[in-house]
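Here's the letter readout for the chains.
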Amino acid sequence: MPIATPEVYNEMLDRAKAGKFAYPAINVTSTQTLHAALRGFAEAESDGIVQISTGGAEFLGGQYAKEMVTGSVALAEFAHIVAEKYPVTVALHTDHCPKDKLDGYVRPLIAVSEERVKAGGNPLFQSHMWDGSAETLADNLAIAQELLARAAAAKIILEVEITPTGGEEDGVSHEINDSLYTTVDDAIRTVEALGLGEKGRYLLAASFGNVHGVYKPGNVVLRPELLKELSDGVAAKYGKASPFDFVFHGGSGSTEQEIATALENGVVKMNLDTDTQYAFTRPVADHMFRNYDGVLKVDGEVGSKKTYDPRTWGKLAEASMAARVTEACANLRSTGTKIK
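Note that this is a predicted model, so its numbers are computed, not measured. (Residues numbered from 1 in each chain as written. Predicted model: local features only at pLDDT ≥ 70, side-chain atom pairs only at ≥ 80, totals over all residues. Heavy atoms only, no water.)

Draft legend 1. Here's a closer look at the packing of helix 10 (residues 274-290) against helix 13 (residues 310-331). Interaxial distance between helix 10 and helix 13 falls to 8 Å at its minimum, and their mutual angle equals 145°. The handedness of the crossing between helix 10 and helix 13 is right-handed. For the pair formed by helix 10 and helix 13, the contact residues are Asp275, Thr276, Ala279, Phe280, Pro283, Val284, His287 and Met288 on the first element and Thr312, Trp313, Leu316, Ala317, Glu318, Ser320, Met321, Arg324 and Val325 on the second. Of the residues in the contact of helix 10 with helix 13, the class split is 10 nonpolar, 4 polar and 3 charged. (Axes fitted to C-alpha atoms, helices over the stretch in contact; angles between N-to-C directions. Helix = DSSP H or I, 4+ residues; strand = E, 2+ residues; numbered from the N terminus. Left-handed = near helix turned anticlockwise from the far one by under 90°. Contact = heavy atoms within 4.5 Å. Nonpolar A, V, L, I, M, F, W, Y, C, P; charged D, E, K, R; others polar.)

Draft legend 2. Geometry of the pairing of strand 10 (residues 267-272). Most of strand 10 is tucked away, with 6 of its 6 residues classed as buried. Pairing geometry for strand 1 (residues 23-27) and strand 10, over 4 bridges, is parallel. In the sheet register, isoleucine 26 faces strand 10, and the bridge partner there is leucine 272. (Buried < 20%, exposed > 50% of the residue type's maximum accessible area, 1.4 Å probe, protein only. Pairing = 2+ DSSP bridges.)

Draft legend 3. Looking closely at the packing of aromatic side chains. On inspection of all chains with the given rule, the structure shows 3 aromatic pairs. The interplanar angle of 50° and the centroid separation of 5.5 Å between the aromatic rings of phenylalanine 244 and phenylalanine 246 together place this pair among those described as tilted. Phenylalanine 246 matches phenylalanine 244 in its accessibility class, with the two residues each being buried. Lying over the aromatic face of tyrosine 238, lysine 237 brings its terminal NZ or CZ to 5.8 Å of the ring centre. (Phe/Tyr/Trp six-rings, centres within 6.5 Å; stacked < 30°, edge-to-face > 60°. Lys NZ or Arg CZ within 6 Å of the ring centre and 35° of its normal.)

Draft legend 4. Representation of the pairing of strand 3 (residues 90-94) within the structure. Here strand 3 lies mainly inside the structure; 5 of its 5 residues are buried. Here strand 3 shows two buried faces, one formed by Val90, Leu92 and Thr94 and the other by Ala91 and His93. Two strands pair when backbone bridges link them, and strand 2 (residues 48-52) and strand 3 are joined in this way by 5 bridges, in the parallel orientation. Paired with glycine 48 across the strands is valine 90, a residue of strand 3. One crossover worth recording links strand 3 to the parallel strand 4 (residues 127-131) by way of helix 5 (residues 106-118), and it is right-handed. (Right-handed = clockwise from strand over helix to strand, strands pointing away.)

Draft legend 5. Expanded view of the nonpolar core. Core analysis: the biggest nonpolar cluster contains 78 residues, and Phe41 and Val160 have the highest contact counts within it. Residues within four places of valine 160 in sequence aside, it is in contact with Trp130, Ala144, Leu194, Tyr202, Leu203, Leu204 and Ala205. Listed in part, the 16 residues of the second largest apolar core include Ala4, Ala16, Ala91 and Ala205. (Core = buried A, V, L, I, M, F, W, Y, C linked by side-chain atoms within 4.5 Å.)

Draft legend 6. Structural view of helix 4 (residues 68-82). In a regular helix each residue adds 1.5 Å, so 15 residues correspond to 21 Å; helix 4 covers 21 Å between its end C-alpha atoms and thus fits that length. Residues Met68, Val69, Gly71, Ser72, Leu75, Ala76, Ala79 and Val82 constitute the buried set of helix 4. The N-cap of helix 4, judged by a side-chain oxygen 3.1 Å from the amide nitrogen of valine 69 a few residues on, is glutamate 67. (Expected span 1.5 Å × (residues − 1). Polar contact = N/O pair within 3.5 Å; in protein donor to acceptor, adjacent residues only side chain to side chain.)

Put into structure tokens, the structure is as follows:
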């Protein structure tokens, strides 16, 4: 059962919340980056989450057609096969999907899982993200209600982003300013629309100064303690302690203390993309620079097949990215917590 069933995915999230650890959610764009993520989880003896963004899905769909659904379904089906060889459990997730891509990405993928569940099977993906951060909160939550109902019926967990994350990812961008902090009122309005689990389980990407991409220390002010304020505010109104399963977006480049504070305040999933992209690419660049006369046919020479063979530098890339995933597991306290 390397790909989590709906029941096991719920158990994973419950265990993370109770144990105050989180799962790294690793963005993948190819079969090789998928293997790197799975390898990193296995070496850390940690379960985890693998996710595909709209841009990643488009890339997976091939540059001739750039078909997001085809690309994401193909990699998910591939994952269901190859993950059997890894001694950990992983959940498959789709990352940021804005309003203009819902009909070309998340809704068709939910339909795929609806058919699988109707036939007595499990959903293809265990969770999907709706990114309504560019919409008004009212419009955001109205769409979230529709998606949550469909997701719950298909045994899928929905992730919602109710307020902006700064920076840019796959064409969705927000300025770095005071709007990057979710308020207690935002959280209460979310509960009024989506409930506290009775309408279906959802993950909440609340904003506490998060920014996608690369940034230098001091340029971004993260306030992970804000998550406790949101939880306490909702708990005071509804009487349910720790009401949210929080997601930490823009996790690359965060300090260990910021991560620790987020974990103490209910984060169960942290997204990693920028750092793992760099970890994958860095050894490839090193190989090319060191072996330029082998990977290129310089001055009429023939180069060296062993150096330009993609398997040669690809193995280095996989190992480096896997090591970064293992490091993330340690930072998020998920090392050694695998279910099986």
